[in-house]
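Results of the structural survey
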Amino acid sequence: MTLALGCIADDYTGASDLANTLTRAGLRTVQTIGIPADDLALPEVDAVVVSLKSRSIEAGLAVSRSRAAETWLRGRGASHVLFKICSTFDSTDAGNIGPVMDALRDDCGEGIVLVTPAFPETGRTVYQGNLFVGAVPLNESPLKDHPLNPMHDSSLVRVLARQSRTQIGLVDLATVTRGADAVRARLAELAGKGIGAAIIDAVFDRDLETIGLVAADHRLSVGASGIGLGLARALVSTGKVKSAAAGSESGAAVGGPAACLAGSCSQATLKQIASAEQVMPVFHLDPDRILTGADEAQRALDWARPRLAEGPVLIASSSTPDQVSALQARHGRDAAGHAIEQAMADIAENLVKSGVRRLVVAGGETSGAVVDRLKIPGFLVGVEIAAGVPVLRAVGAGGEMLLALKSGNFGGPEFFSDALGLMR
């Protein structure tokens with residue numbers, strides 16, 4: 001295997017978002033869960049997205065896992081590695097974006113790293129170094145209230161500077177609009193001042209193409225799926241990769257029972273749950289019962305099993321931001337999050353034992369817990385359900401299975417029904 005592009009994603013839903021984006025842009029792509037075992041049979045591909053669950057763990061552990069993934073990717077020929085992060089730059093002043101970027105930059109000897117979470121297709125843009133969600137700055141949007149990584153500063157230069165050992169610069173939109181050579185000149189100017197990373201503005205898709213052309217000259221970049229799109233288009237347009245048919249992986253129909261799990265507390269997911277209640281049975285978990293030791297997962301399974309033969313079911317732990325804050329105040333943030341993730345993983349494991357082979361999961365942390373529990377080593381990328389969310393066919397899982405792993409903020413109101421309609 002000789003890779004045109006290697007990618008390290010800091011969570012599983014972000015990884016499938018990126019794998020979907022690369023596939024649509026013409027790169028043959030596979031998503032792995034962690035560093036693949038030597039005996040995992042992977043098809044011949046242009047790009048591998050190594051999925052880690054490293055966004056919210058201790059920074060040193062995130063660094064060591066990311067370094068190991070980079071070593072694996074470089075060993076398969078990847079001259080450029082993209083460290084894929086959330087499009088809302090989910091992190092704290094302790095990391096993990098800055099520490100991982102610093103370590104990977106040191107390892108590959110890169111002088112200056114381009115950084116942007118912009119992805120205009122999903123409403124994420126960067127202007128003057130500030131991250132916008134739709135028409136408002138990140139810190140004024142509903143996405144500021146992430147239960148694990150609340151984001152209350154839209155200035156990415158300031159946010160990254162608080163996490164990184166290097167100085168952070170800016171490549172503004174006026175420079176980007178003048179083209180790739182202007183961006184290269186600005187990066188050389190910043191690097192000459194000892195600046196090791198630069199936030200780069202992007203408001204339109206064409207900006208991503210300019211960024212991709214420049215990033216491909218370097219050994220490392222950091223960003224969301226938008227910069228992945230730019231890199232993929234650069235690889236195709238320069239002839240380094242021959243474009244493949246997007247979403248061509250379909251495979252045989254899986255059939256059988258289907259279920260949905262929702263752990264995200266985003267406004268988008270809460271609306272999707274409300275919509276699903278009109279078309280399928282929905283069970284709302286009691287988070288306090290989970291935290292106080294009551295077997296809430298078993299209660300949900302007892303409710304779900306007799307209904308699976310009749311059609312899909314949805315089990316949700318999602319709550320409003322106020323409810324989440326109150327729960328965290330009673331039980332502690334980390335304890336609450338971990339207990340709910342493990343309860344959802346218990347439910348997923350037992351649903352699969354009950355015959356479920358089509359599973360839709362909403363929420364990055366929930367998806368990570370579920371996939372880890374099911375011990376799925378990798379995925380082939382299928383058709384797109386919604387922007388950033390493809391159908392995934394499990395590889396090396398010991399049986400045919402389809403999944404959809406959705407970042408909480410992605411998808412329209414009918415997402416669960418839309419996903420199940422494409423997962424045959």
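Residues numbered from 1 in each chain as written. Predicted model: local features only at pLDDT ≥ 70, side-chain atom pairs only at ≥ 80, totals over all residues. Heavy atoms only, no water.

Keep this limit in mind: UniProt positions are given in the numbering used here, feature names are shortened, and annotations may be inferred rather than shown by experiment.
The chain is annotated in an unreviewed UniProt entry as 3-oxo-tetronate kinase from Bradyrhizobium niftali. As stated in UniProt under Function (unreviewed entry), the record for the chain gives "Catalyzes the ATP-dependent phosphorylation of 3-oxo-tetronate to 3-oxo-tetronate 4-phosphate." Comment text from UniProt for the chain, heading Sequence similarities (unreviewed entry), reads "Belongs to the four-carbon acid sugar kinase family."

1. So, the overall build of the chain
Note the threshold: In this text, helices come from DSSP runs of H or I with a minimum length of four residues, and strands from runs of E with a minimum of two, each type numbered from the N-terminal end. Here the globule rule is a power law, 2.2 Å times the number of residues to the power 0.38, and the radius of gyration is based on C-alpha atoms. Should any heavy atoms of two residues lie within 4.5 Å, those residues are counted as being in contact. Note on areas: these come from Shrake-Rupley sampling with a 1.4 Å probe, and a residue is covered only by the protein chains present in the view. We treat Lys and Arg as the positive residues and Asp and Glu as the negative residues; His and chain ends play no part in the count. Each charge is placed at NZ for Lys, CZ for Arg, CG for Asp and CD for Glu.
Scanning the chain from terminus to terminus reveals 15 helices and 18 strands. For 424 residues, the compact-globule estimate of 2.2 N^0.38 gives 22 Å, and the C-alpha radius of gyration of the chain, at 21 Å, lies within 12% of that figure. Its C-alpha atoms put the chain at 65 × 45 × 35 Å along the principal axes. Long-range pairs, those at least 24 residues apart, make up 73% of the contacts in the chain with a sequence separation of at least 6. Accessible surface, the chain: about 15600 Å² in total, of which carbon and sulfur atoms supply 50%. The average position of the 39 basic charges and that of the 46 acidic charges among the side chains of the chain differ by 2 Å.

2. Re the sheet that holds strand β7 (residues 130-133)
Note the cut-off: Strands qualify as paired when DSSP identifies two bridges or more between them.
Read from one edge to the other, the open sheet built from three strands follows the order β6-β7-β8, with strand pairing classed as antiparallel. The sheet is open, and its two borders are formed by β6 (124-127) and β8 (136-137), each paired with just one other strand. Sheet topology note: the β7/β8 ladder contains two bridges and is antiparallel. Bridging from a neighbouring strand, Val133 pairs with Val136 of β8.

3. Regarding the environment of Ser16
Within the element layout of this structure, Ser16 appears in helix α1 (residues 12-24). In this structure, the C-alpha to C-alpha distance between Ser16 and Leu374, residues 358 residues apart in sequence, is 17 Å.

4. Remarks on helix α6 (residues 180-192)
In an α-helix, one turn spans 3.6 residues, which is why side chains three or four residues apart end up on the same side. To keep things clear, this is the line we draw: Take the number of residues in a helix, subtract one, and multiply by 1.5 Å to get its expected span.
Compared with the 18 Å implied by 1.5 Å per residue over 13 residues, the 18 Å span of α6 between its first and last C-alpha is a close match. On its buried face, α6 sits against β5 (113-116), β9 (167-171), α5 (173-177), β10 (195-200) and α7 (205-215). Downstream of α6 by a residue or two, Gly194 has a phi angle that is positive, lying close to 85°.

5. So, the pattern of salt bridges
Definition in use: A pair is scored as a salt bridge if a Lys or Arg side-chain nitrogen falls within 4 Å of a carboxyl oxygen belonging to Asp or Glu. A simple rule labels every residue: compare its accessible area, found with a 1.4 Å probe on the protein chains alone, to the largest value its type can have, and call it buried under 20%, exposed over 50%, or partly exposed in between.
If you walk through the whole model with that rule in mind, you get 29 salt bridges. Among the salt bridges present, the one from Arg28 reaches Asp46, with a minimum N-O distance of 3.0 Å. Residue Arg28 is found in the loop between α1 and β2 (29-33), and its partner Asp46 is found in the loop between β2 and β3 (47-51); the two are separated by 18 residues along the sequence. Using a relative accessible area of 36% as the deciding quantity, one classes Arg28 as partly exposed. Exposure remark for Asp46: the relative accessible area of 9% places this residue in the buried category.

6. As for the packing of helix α2 (residues 59-75) against helix α3 (residues 97-108)
To characterise two packed helices, one gives the angle between the axes of the helices and the distance between these axes. The test is simple: Note on method: axes are straight lines fitted to C-alpha atoms, helices fitted across the in-contact stretch only, with angles between N-to-C directions ranging 0 to 180 degrees. Note: crossing handedness is left-handed where the near helix turns anticlockwise from the far helix by less than a right angle, and right-handed where it turns clockwise.
Their axes nearest at 9 Å, the elements α2 and α3 cross at an angle of 35°. Viewed along their axes, α2 and α3 form a crossing whose handedness is right-handed. Where α2 abuts α3, its residues Ala59, Ala62, Val63, Ser66, Arg67, Glu70 and Arg74 lie against Pro99, Val100, Ala103, Leu104, Asp107 and Cys108.

7. A word on α3
In a regular helix each residue adds 1.5 Å, so 12 residues correspond to 16 Å; α3 covers 17 Å between its end C-alpha atoms and thus fits that length. Counting buried positions along α3 gives 10 out of 12 residues, so the element sits mostly inside the fold. Of the positions making up α3, those classed as buried are Ile97, Gly98, Pro99, Val100, Met101, Asp102, Ala103, Leu104, Arg105 and Cys108. Gly109 occupies a position one or two residues after α3 and carries a positive phi of about 75°.

8. Some remarks on the domain arrangement of the chain
Rules: How far each domain reaches was decided by an automatic or database domain assignment. A 1.4 Å probe defines the accessible area here, and the buried area is the portion of it lost by two parts on being joined, summed over both.
Considered domain by domain, the chain is made up of domain 1 (5-237) and domain 2 (258-422). Between the C-alpha centres of domain 1 and domain 2 the distance comes to 27 Å. Domain 1 puts 26 residues into the contact, and the matching count from domain 2 is 32 residues. Around 2400 Å² of area is buried between domain 1 and domain 2 when both sides are counted, 61% of it from carbon and sulfur atoms. There are three salt bridges connecting domain 1 and domain 2. Glu341 is paired through a salt bridge with Lys53; the nearest N and O atoms lie 3.4 Å apart.

9. Some details on the environment of Ile340
By secondary structure assignment, the location of Ile340 is in helix α13 (residues 333-353). By relative accessible area, Ile340 is classed as buried at 15%. Spatially, the C-alpha atoms of Ile340 and Glu365 are 9.8 Å apart, while their sequence positions differ by 25 residues. Contacts of Ile340, omitting those with residues within four sequence positions, involve Pro287, Ile290, Leu291, Ser317 and Leu327.

10. Comments concerning the nonpolar core
Worth spelling out the cut-off: Nine residue types can take part in a nonpolar core, namely buried Ala, Val, Leu, Ile, Met, Phe, Trp, Tyr and Cys, and a core is a set of them joined through side-chain atoms within 4.5 Å.
If you look at the biggest cluster of nonpolar residues, it comprises 114 residues, and the most contacted ones within it are Phe89, Ile347 and Leu359. In terms of residue count, the dominant contributor to this core is α13 (eight residues). Among the domains, domain 1 (5-237) and domain 2 (258-422) are the pair contributing at least three residues each to this core. In this structure Phe89 touches Ile97, Val115, Pro117, Leu131, Met151, Leu156, Val159 and Leu160, once residues within four positions along its chain are discounted. Core analysis: the next-biggest nonpolar cluster, separate from the first, contains 23 residues, Ala258, Val360, Leu402 and Phe415 among them.

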